[in-house]
Amino acid sequence: MPYEAPDLAKLSLSDIAALVATRKLPPVESWEPANIGDSEMRIASDGKWFHQGGEIKRPAMVRAFSSLLRRDADGQYWLVTPQQKLSIMVDDVPFIAVELQSEGEGPERSLAFRLNSDDLIFADADHAIEMRDGMLYVHVRGGMLAKLARPVYYELANLALAENPENPSIWSKGAQFQLAAPA
């Protein structure tokens, strides 16, 4: 059965929470295989995945590879299985937040993001939103970030400005995130 990406616009936040809870990722942090090499793969700054220069166009493949992705303390990215650990080049960050769902207002707001890998995450204390070099990012897992795609960035900025035009910030799941660059 082919995989179909979730459409956040058609899901409630409780539906999204159920999908997040059912997605079990492999324990790549605990795997330390002896066989180390190069995957000959690259994730471009626009979120596209490449192997030996050719774009990987099958979303299911990107989803599968992204579930094996790990970042070490030195900032190196790896594709990890119990048998192999293969380096992968990442131009900026490995994920792009391509869709946003918001429910509630102020401190009662919850924000869910769909990533280009079709992973779903909620912004919260463990998945903070932060500004870096004028771009917004959300923490995904294991020190990895997702850059907000331009439409998602503008949608989030409009929500923040509507609530607090003097000091743009946004709440999600009880955590508040500043959207303005530090002075």
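Note: the structure precedes this text.
Residues numbered from 1 in each chain as written. Predicted model: local features only at pLDDT ≥ 70, side-chain atom pairs only at ≥ 80, totals over all residues. Heavy atoms only, no water.

Visitor: Mind showing me how you'd approach the sheet that holds strand E2 (residues 49-51) here?
Guide: What links the strands of a sheet is backbone hydrogen bonding, and the strands pair in either a parallel or an antiparallel sense. Strand order in the open sheet formed by 6 strands is E3-E2-E1-E6-E5-E4, with mixed pairing between adjacent strands. Among the strands making up the open sheet, the edge pair consists of strand E3 (54-55) and strand E4 (69-71). Alignment of strand E1 (residues 35-43) against strand E6 (residues 84-90), held across 6 bridges, turns out to be parallel. When the sheet's bridge partners are listed, Arg42 is paired in E6 with Met89. Packing of helix H2 (residues 59-66) onto the sheet brings it into contact with E1, E2, E4 and strand E5 (77-80), and relative to E2 it is tilted by some 90°. (Pairing = 2+ DSSP bridges. Helix = DSSP H or I, 4+ residues; strand = E, 2+ residues; numbered from the N terminus. Contact = heavy atoms within 4.5 Å. Axes fitted to C-alpha atoms, helices over the stretch in contact; angles between N-to-C directions.)

Visitor: Any chance you could explain the pattern of salt bridges here in plain terms?
Guide: Between side chains of opposite charge, a pair can form as their charged atoms come close. With the rule as written, the count across this model stands at 9 salt bridges. Here Lys48 and Asp46 are joined by a salt bridge, their closest N and O atoms 4.0 Å apart. When its relative accessible area of 38% is taken as the criterion, Lys48 is described as partly exposed. The class for Asp46 is partly exposed, based on a relative accessible area of 47%. Look at the salt bridges and you will find they share partners, linking Glu99, Arg114 and Asp118 into a network. (Salt bridge = Lys/Arg side-chain N within 4 Å of Asp/Glu carboxyl O. Buried < 20%, exposed > 50% of the residue type's maximum accessible area, 1.4 Å probe, protein only.)

Visitor: Explain the environment of Asp38 here, please?
Guide: Mapped onto the secondary structure, Asp38 falls in strand E1. Taking the C-alpha atoms as reference points, Asp38 and Lys85, separated by 47 residues in sequence, lie 8.2 Å from one another. With residues up to four places along the chain from it excluded, the contact list for Asp38 reads Leu86 and Ser87. A polar atom in the side chain of Asp38 sits 2.9 Å from the backbone nitrogen of Glu40. Here Ser87 takes part through its side chain, which lies 3.4 Å from a polar atom of the side chain of Asp38. (Polar contact = N/O pair within 3.5 Å; in protein donor to acceptor, adjacent residues only side chain to side chain.)

Visitor: Can you walk me through H2 in this structure?
Guide: An α-helix turns once every 3.6 residues. As a result, residues three or four positions apart point the same way. Of the residues making up H2, those classed as buried are Val62, Arg63 and Ser66. Relative to the axis of H2, the buried residues are bounded by an arc of 100° and lie together on one face. For H2, the secondary structure elements touched by its buried residues are E2, E4, strand E7 (95-103) and strand E11 (135-141). (Arc of directions from axis to C-beta.)

Visitor: What exactly am I supposed to notice about the side chain of Lys147 here?
Guide: Relative to the helices and strands, Lys147 resides in strand E12 (residues 144-148). The residues contacting Lys147, other than those within four sequence positions of it, are Ser45, Asp92, Val93, Phe95, Ile96, Ala97, Met135, Leu136 and Tyr137.

Visitor: Help me understand helix H3 (residues 150-163) in this model?
Guide: Between the first and last C-alpha of H3 there are 20 Å, a value that for 14 residues agrees with the 20 Å anticipated at 1.5 Å per step. Among the residues of H3, Val152, Leu156, Ala157 and Ala160 are the ones counted as buried. Buried residues in H3, looked at end-on, bunch into an arc of 130°, giving them a common side. Opposite the buried face of H3, at more than 90 degrees from it, the exposed residues are Arg150, Pro151, Asn158 and Ala162. Tucked into the core, H3 has its buried residues touching E7, strand E8 (110-115), strand E10 (129-132), E11, E12 and strand E13 (169-172). (Expected span 1.5 Å × (residues − 1).)

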